[in-house]
Structure formats: structure tokens, C-alpha cells
Amino acid sequence: NIFEAIRKTVGFAAVNVAVKDQLRQWYLDTAVRLAEGEAAKEEKESSVLYNLANMLMDFGEYERALSLQRKNLDLEIKKYGAQHQSVGSSYGSMGTLCRLLERYDEAMEYYSKSLAITNATLGKHHVSSAITMGNMAAVHRKQGREEECLECYAFALAVFKNTPGQAQAAGIARRNIASYLHEIRRYDAAMKEAEEALTALKASAGDQHPDVASVYDVMANIYQSQERYNESLECYRKALEIYLATVGENHVSTGTTYYNMALLYRKQKRFDEALQCYAKHLAICQSTVGENHTATADVYRAMAAVYSSQDRSEQAIECMAKALSSTAATLGENSPEAAELLMNMGVLHRKQGRTAEAIPLVKRAMAINYLKFGAKHEKTIKCYRLLEYLEK
């Protein structure tokens, strides 16, 4: 069907970029209407809604996808009963959508329901249970629940290790553990897990596989945190080489590696090389998610910081203005992120002696922070003090 055809060929992300906003919205609205109409008259209604919800999730339409998954869940419970595997899968999808929406308590509730059904129907040590435990670990990770996160990851790893044909999944589980251990600054333990993940994934997927590259990324991040910059750069280069050979230049994973390399070059004060990496990542963001996206805004902000470090204020202001445009389109003109950019642009104008241009920017930033945080918040006070200095 159309869902599988898109997923197996260009992918929904590519379609999302390729079509204009209005056409994209028309396409999604039409697909929803057709699917809901089909669902109302066919016996296979649940599969139609399930597929459409997954498509919307790939497009980033999480709220609409969740709404359809709820309708799908009701239909599946009526059709199969509350303890059927399909119902468990729907709970799992709803959990993932809530996680993407950063509604972590709801996500955990859905994952728990999914896990209970899987345990009852397929057994506690089934691969599906391990996958759900891995998803639950991701929620615990976001909530800063270290012990619970590691327990879920360890359970998933044990199941994959003891299940024939799941060596690659076990390697990915180890990579996830390594990434989290790095996040909580347990660097030696993180590197040990990463090395074991690398060995497992090379054996199961081959040396030139994106999963192998992802482990090199994790190892590079660990080395960078330990200020072992040469070893970090070597790992990033290995990851980049694999990504370029497998998924190509124009891929999110390739872009992320360029971004991380740029951060490393900044720490080494190799600003020109950092800007080259940021430029490559920016081109990938523009091609994959478009100009008006938070990821694109983040790159502009990072480039502005580098230009500012080089006292190249004009280029820094230009990048900040582009970041502001992207931020306003995605998070809103009155978002705290927009206020921060306005404030920083005001500071740069002041450094260049352009007080008249700085004042209205700082005023806008102060107004946003006042509405969002109140008069006594440090961000509002910072704006007020800068404005007071500028107006002397």
C-alpha cells in the first residue's frame, strides 16, 4: 500500500522536505480523511489507522498521530480483546509518541501496559519485551532516573544476548548503555561498554555499517569529555567515513557527526575548521528538515558563537538574525529562545558602538522575558540592566 511504498523507497522524511508546506498539509489532511472513511466501512480499519499514525509520526505530526492511535486502540480492543498482542503494540506506539512529545509520565504508562501484555502473551524474555524495556530506559533517562534507566537497559541487553539472531540488537543495546554512562560521567565504564559494542556490531553487521559508526560517535564523545581530543577526532573521522559510504552526505547522522566535530574544533580554538563542519551540517539541515526548524536554528546559533569568538561581529549578527527567523517560525516570536537571540544581537551591536540598533533588540528581549518569567527573573533583570546601561 501507499504507506509501505513510501517507507521502503524515499522515506517519509524525504517527502516531508520535498513538498511545500501547503501541499504537505493538504496531503496529510486528505490521507487522514480517506483513512478514517476507509476505517469506518472496512473490517481492516485498525491496520489503516495504525499505518496512518506511523506515517504522521514520521512527518513529525505527533499529536495527530497520537489521536489516531487512540482511535485505533479502541477498535483493536473491540476486535481482539484487551490482552491481544496488537493492543500491546498500539500501547507501545502511543508510548513512543508521548515520549517524543516529552510527556514522560504518559509514555511510561503506555509502555507499562504494552510490557504487561507482551509478558503475558509472548513471555517476559521475548525480544518485544526487551524493545519495550529499552524504550522505558529512554524515558527514565530523560527523567534523570539513573538506577531505573540502567536496570531497563541491562534487562534488554540480557534478552538480546540470549536470543538467537539478536547479536546486532545486543550491540546496539551496549551502545545505548555506553552513551548513557557517558552522560552521567562514568567515562571508564562507558568506554568499556562502547568497546564491547564495537566488537559485537563489527561481528554482526560488518565494519562498514551505520551502527558501527554510531559507536565511534559515542567513543568520540567520551574522549572529548576526557579532553583526549586527538583520539576523539580520530573516532569522529572513522564514523564520518562510514556514514559517507553508507547513508551518504545528506543524512542526519552525517550531519550530527559534523556538528560534534565542530564542537571539538571549537574547544581546540580551531575556528575555521569548526565553521567548515558547521557549514556542512547546516547544508544537511536545510536539505532534510528545512530552514525553519530548531536544528537549523541551533547551527546558526553555533556559527554565530564562533564568529563572535573571532571578533567577526557582522557575520555573527547575520547568523543570529537567521537563527531568530528560524526560531520565530518554529518556537514563536515570543519564545525564551527568541529573547536570548535578541539579547545577544543587542550585545554585539553594542560592541560595535551601534547603540541605537541595540536598544530596540534588548527592549524586545526584556518584554518577552517579563511576560514569560516575571519582573524578578534573572533573565528579565539582565535585560533591564543592559538597557539601563545603553540608555545612559
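Refer to the structure above for everything that follows.
Just so it is clear, the structure is predicted and the values come from calculations on it, not from any experiment. (Residues numbered from 1 in each chain as written. Predicted model: local features only at pLDDT ≥ 70, side-chain atom pairs only at ≥ 80, totals over all residues. Heavy atoms only, no water.)

(A) Region of the structure containing the overall build of the protein. Secondary structure assignment for the protein yields 20 helices and zero strands. For the protein, the proportion of its 392 residues judged to be buried stands at 44%. Across the protein, the fraction of contacts at a sequence separation of at least 24, relative to all contacts at a separation of at least 6, is 56%. (Helix = DSSP H or I, 4+ residues; strand = E, 2+ residues; numbered from the N terminus. Buried < 20%, exposed > 50% of the residue type's maximum accessible area, 1.4 Å probe, protein only. Contact = heavy atoms within 4.5 Å.)

(B) How the structure looks around the packing of aromatic side chains. As enumerated under the stated definition, the model contains two aromatic pairs in all. With 6.2 Å between their ring centres and 25° between their planes, Tyr91 and Tyr110 make a pair best called stacked. Of this pair, Tyr91 sits in helix 6 (residues 85-100) while Tyr110 sits in helix 7 (residues 104-121), and the two are 19 residues apart along the sequence. A single burial state applies to Tyr91 and to Tyr110, both of which are buried. Aromatic pair Tyr259 and Tyr278: ring centres 5.5 Å apart, planes at 65°, arrangement edge-to-face. (Phe/Tyr/Trp six-rings, centres within 6.5 Å; stacked < 30°, edge-to-face > 60°.)

(C) Examining the layout of surface pockets more closely. There is about 430 Å³ of room inside the second largest pocket. Forming the boundary of the second largest pocket are 19 residues, of which Arg99, Gly134, Asn135, Ala138 and Tyr153 lie nearest the centre. Breaking the lining of the second largest pocket down by element, the ones donating at least two residues are helix 6, helix 8 (127-142), helix 9 (146-161) and helix 10 (167-183). When residues in the lining of the second largest pocket are grouped by element, the largest group, seven residues, is from helix 8. Classifying every residue of the lining of the second largest pocket gives 11 nonpolar, three polar and five charged. (1 Å grid on protein atoms, 1.4 Å probe; cavity = no way out; pocket = protein on both sides within 12 Å on 5 of 7 lines; lining within 4 Å. Points joined across faces, edges and corners; volume = space filled by probe spheres on them. Nonpolar A, V, L, I, M, F, W, Y, C, P; charged D, E, K, R; others polar.)

(D) The arrangement of the nonpolar core in detail. Core analysis: the biggest nonpolar cluster contains 109 residues, and Phe160, Tyr216, Met219 and Met303 have the highest contact counts within it. The element that contributes the greatest number of residues to this core is helix 12 (residues 210-225), accounting for nine residues. Setting aside residues no more than four positions away along its own chain, Phe160 makes contact with Val127, Ala130, Ile131, Gln166, Ala169, Ala170 and Ala173. (Core = buried A, V, L, I, M, F, W, Y, C linked by side-chain atoms within 4.5 Å.)

(E) Region of the structure containing the pattern of salt bridges. All told, the structure shown has 17 salt bridges when counted by the stated rule. Notably, a salt bridge pairs Glu183 with Arg141, separated by 2.9 Å at the nearest N-O pair. In this pair, Glu183 sits in helix 10 while Arg141 sits in helix 8, placing the two residues 42 residues apart along the sequence. Using a relative accessible area of 43% as the deciding quantity, one classes Glu183 as partly exposed. One network of salt bridges, in which partners are shared, links Glu63, Arg70, Arg103 and Glu106. (Salt bridge = Lys/Arg side-chain N within 4 Å of Asp/Glu carboxyl O.)

(F) Summary view of helix 10. Here helix 10 spans 25 Å end to end across 17 residues, near enough to the 24 Å set by a 1.5 Å rise per residue. Every buried residue of helix 10 is listed here: Ala169, Ala170, Gly171, Ala173, Arg174, Arg175, Ile177, Ala178, Tyr180, Leu181 and His182. Close packing links the buried residues of helix 10 with helix 8, helix 9, helix 11 (187-205) and helix 12. One or two steps after helix 10, the chain reaches Arg185, where phi turns positive at roughly 70°. (Expected span 1.5 Å × (residues − 1).)

(G) Representation of the side chain of Thr296 in the model. Turning to its location among the elements, Thr296 is positioned in helix 16 (residues 294-309). For Thr296, a relative accessible area of 0% puts it in the buried group. In this view, Thr296 contacts Leu282, Cys285, Gln286, Val289, Gly290, Glu291 and Ser326; residues no more than four positions away in its chain are not counted.

(H) Structural detail: unusual backbone geometry. You will see that Arg185, though not glycine, has its phi angle at about 70°, which is positive. Tracing the backbone through its elements, the reader meets Arg185 in the loop between helix 10 and helix 11. Overall, Arg185 belongs to the exposed group, its relative accessible area being 67%. One non-glycine residue, Asp311, lies in the positive phi region at around 60°. Mapped onto the elements of the fold, Asp311 is located in the loop between helix 16 and helix 17 (313-330).

(I) Spotlight on helix 19 (residues 355-373). Taking 1.5 Å per residue as the helical rise, helix 19 with its 19 residues ought to reach 27 Å, and the 26 Å between its terminal C-alpha atoms agrees with that figure. For helix 19, the complete set of buried residues consists of Ala358, Ile359, Leu361, Val362, Ala365, Met366, Ile368 and Asn369. Those residues of helix 19 that are buried are in contact with helix 18 (336-351) and helix 20 (378-390). After helix 19 finishes, the residue Gly374 shows a positive phi value of roughly 100°.

(J) Just the packing of helix 18 against helix 19, in detail. At their nearest, the axes of helix 18 and helix 19 sit 8 Å apart, and the two run at 155° to each other. By the criterion of interaxial angle, the relationship of helix 18 to helix 19 is roughly antiparallel. As helix 18 runs across helix 19, the sense of the crossing is left-handed. Of the residues in helix 19, those touching helix 18 at Pro336, Ala339, Leu342, Met343, Met345, Gly346, His349 and Arg350 are Glu357, Ala358, Leu361, Val362, Arg364, Ala365, Ile368, Asn369, Lys372 and Phe373. Along the lines of polarity and charge, the residues of the contact of helix 18 with helix 19 split into 11 nonpolar, three polar and four charged. (Axes fitted to C-alpha atoms, helices over the stretch in contact; angles between N-to-C directions. Parallel < 35°, antiparallel > 145°, perpendicular 65-115°, else oblique. Left-handed = near helix turned anticlockwise from the far one by under 90°.)

(K) Local environment of the packing of helix 8 against helix 9. It is at 8 Å that the axes of helix 8 and helix 9 come closest, and there the two elements cross at 160°. Classified by the angle their axes make, helix 8 and helix 9 are roughly antiparallel. The handedness of the crossing between helix 8 and helix 9 comes out as left-handed. Listed contacts from helix 9 to Val127, Ala130, Ile131, Met133, Gly134, Met136, Ala137, Ala138, His140 and Arg141 of helix 8 are Glu148, Cys149, Cys152, Tyr153, Phe155, Ala156, Val159 and Phe160.

Everything listed here is a matter of coordinates, which is why it stays silent on function.
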